[in-house]
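Structure at a glance
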Amino acid sequence: MPRSHPAQRHAVVAVALAVCAAAGAALVTAVAQAGEDPGDGARGSEPEQLRVSVVETLPHDPAAFTQGLEVADGVLYEGTGLAGRSYVSATDQATGVELARAELASPLFGEGITLTGEALWQLTWRDGVAFERDPRTLAERRTVRYDGEGWGLCHQPSPGRLVMSDGSDTLTFRDPVTFEATGSVRVTSASGPVSDLNELECVGDEVYANVWHSETILRVDPDDGVVTGEIDASGLLTAEERRAADVLNGIAWSPAHDAFLITGKFWPHLFVVDFDPL
């Protein structure tokens, strides 16, 4: 076979390099248009920055290892954790009188709670069991099994679904009657995936989430998992109160206050707060 001239070989190489460069540029453009960086996970836009503003300070049982908080029809529901000390209670908001209480048998470790109107659901941490209860008496109706850990839980009436966290960056959607999983979404902020999602509260189309071992509450769009707001809830306890307390955990929308209720594990106070933009 005749050998090609060096100039011809150089021309072929130049054409090949040009084709590769064009293909690479097209790939980068396509990725940029999709809103992703090559090699990175999906990222959300910069979330709004907010700060808690205390409206009122209410008493809270400092022995309660709070895992879930919910308000419905003037009743404050609270679920607590720790093996041998877990329970769910219902308290009249106006009088402070406890209306009902149901304790979990040891070694069950209670977690998040929510109400659907017809039922109260209570999670357990690593036991893989959810309890359906009568919202008035808190009597157990049945138990269902699920895989993985249970952390936070809330109910979105309009889509007709429960939203559940397991300490990861994933929110799982469940049927409010059968408790079967129906889908999931990963939660992302401008810096990437956000893990350690804990107690949840559904308000309208948004989900509010405590982040374990932090004093931050996230506002999340559950349809795409994007964090739309970061709420600074630091500085609520005094230095002395902080020494006896554990982490911030517990969010509930209170129609009676037209504000949020927040507390934490072993916290002596339940705070009525607004979330104000910085």
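Attention here is on the structure that accompanies the text.

Rules used throughout
Numbering of residues begins from 1 in every chain and follows the order in which that chain's sequence is written. Per-residue local features of the predicted model are confined to residues with pLDDT of at least 70, and side-chain atom pairs are confined, for both listing and counting, to 80 or more; whole-chain, interface and lining totals are unaffected and use all residues. Where side-chain values are given, they derive from all heavy atoms of the structure, hydrogens and water being excluded. To qualify as a helix, a DSSP run of H or I must reach at least 4 residues; to qualify as a strand, a run of E must reach at least 2; elements of each kind are numbered from the N terminus. Classification of residues uses two cut-offs on accessible area relative to the type maximum, computed with a 1.4 Å probe and protein chains only: under 20% is buried, over 50% is exposed, and between them is partly exposed. Pairs of N or O atoms within 3.5 Å make up the polar contacts considered here, provided that, within protein, one atom can donate a hydrogen while the other can accept it, and that residues adjacent in sequence are counted only when both atoms are side-chain atoms. Residue contacts are defined here by distance: any two heavy atoms, one from each residue, within 4.5 Å place the two residues in contact. Two strands pair if DSSP finds at least two bridges between them. Axis geometry follows a simple rule: fit a line to the C-alpha atoms, using only the stretch in contact for helices, then measure angles between N-to-C directions, giving values from 0 to 180 degrees. One side-chain nitrogen of Lys or Arg within 4 Å of one carboxyl oxygen of Asp or Glu is enough to make a salt bridge. By the counting rule applied here, Lys and Arg register as positive and Asp and Glu as negative, while His and the ends of each chain are not counted. Grouping buried Ala, Val, Leu, Ile, Met, Phe, Trp, Tyr and Cys residues that are joined through side-chain atoms within 4.5 Å yields what is termed a nonpolar core.

**Overview of the overall build of the protein chain**
Looking only at helices and strands, one finds 2 helices and 22 strands in the protein chain. Taking all 278 residues of the protein chain together, the buried fraction comes to 46%.

**Brief notes about the side chain of N210**
Here N210 lies in strand β17 (residues 206-211). Among the polar contacts listed, one links the side chain of N210 to the backbone nitrogen of G250, at a separation of 2.9 Å. Residue contacts for N210: discarding those within four places in its chain leaves D196, L197, N198, E199, T216, I217, L248, N249, G250 and I251.

**Brief notes about the sheet that holds β17**
Taken together, 8 strands build an open sheet; the order of strands is β16-β17-β18-β19-β1-β22-β21-β20 and the sheet is mixed. Here the strands that pair on one side only, and so sit at the sheet edges, are β16 (197-203) and β20 (248-254). Going across the sheet, the axis of each strand differs from the next one's by a mean of 30 degrees, ignoring polarity. Here 9 bridges tie strand β1 (residues 48-59) to strand β22 (residues 269-277), and the two strands are oriented antiparallel to one another. Within β22, the residue paired with V52 across the bridge is F275.

**So, the pattern of salt bridges**
In the structure shown here, the tally under the stated rule is 11 salt bridges. R219 is the partner of E48 in a salt bridge, and the nearest nitrogen-oxygen pair spans 3.0 Å. Here E48 is found in strand β1, whereas its partner R219 is found in strand β18 (residues 216-220), with 171 residues between them in sequence. The partly exposed category is assigned to E48, whose relative accessible area is 33%. Ionic pairing is found between E206 and R219, a salt bridge with its closest N-O pair at 3.7 Å. Of this pair, E206 sits in strand β17 while R219 sits in strand β18, and the two are 13 residues apart along the sequence. Since its relative accessible area comes to 29%, E206 is described here as partly exposed. A relative accessible area of 13% places R219 in the buried class. Taken together, the salt bridges that share partners define one network made up of E132, D134, R141 and R142.

**Considerations on the environment of W125**
Mapped onto the fold, W125 is located in the loop between β7 (120-124) and β8 (129-133). Along the primary structure W125 and E149 are separated by 24 residues, whereas in three dimensions their C-alpha atoms are 5.3 Å apart. What W125 contacts, discounting residues up to four positions off in sequence, is F109, E111, G148, E149, G150 and W151. Here the side chain of W125 touches E149 through a polar contact of 3.2 Å, side chain to side chain.

**Some remarks on the side chain of E111**
With respect to the secondary-structure elements, E111 resides in strand β6 (residues 110-115). Buried charge without a partner: E111 forms no salt bridge, and the closest opposite charge is K265, 5.8 Å away. Polar contacts involving the side chain of E111 include one to the side chain of Q67, which spans 3.0 Å. Look past the residues within four positions of E111 in its chain and what remains in contact with it is Q67, G68, T80, L123, T124, W125, G150, W151 and N198.

**Quick look at the nonpolar core**
Counting residues in each nonpolar core, the largest one holds 17 residues, and the members touching the most others are V52, I217, I262 and F275. Those elements giving two or more residues to this core turn out to be β1, β20, β21 (259-264) and β22. The element contributing the most residues to this core is β22, with 3 residues. Residues in contact with V52, not counting those within four places in the same chain, are I231, D232, A233, L236, I262, V273, D274 and F275. V163, C202, V211 and V220 belong to the second-largest nonpolar core, a separate cluster that totals 16 residues.

**Details of the sheet that holds strand β2 (residues 66-72)**
Overall, antiparallel pairing links the 4 strands, which are arranged β2-β3-β4-β5 in an open sheet. The outermost strands of the open sheet, each flanked by one partner alone, are β2 and β5 (98-103). The mean inter-strand angle of the sheet, taken between neighbouring strand axes irrespective of direction, is 15 degrees. Of the strand pairs in this sheet, strand β3 (residues 75-80) and strand β4 (residues 87-92) are connected by 5 bridges, and their pairing is antiparallel. Within β4, the position partnered with L76 by the bridge is T91.

**Some remarks on the pairing of β16**
Counting buried positions over the 7 residues of β16 gives 6, a clear majority of the element. Note: β16 against β17, 5 bridges, orientation antiparallel. Bridging across to β17, L200 finds its partner in A209. Turn length for the β16-β17 hairpin, with the two strands adjacent in sequence and antiparallel, is 2 residues, and the turn residue G204 shows positive phi of about 60 degrees.

Interpretation in functional terms is not warranted from these geometric data alone.
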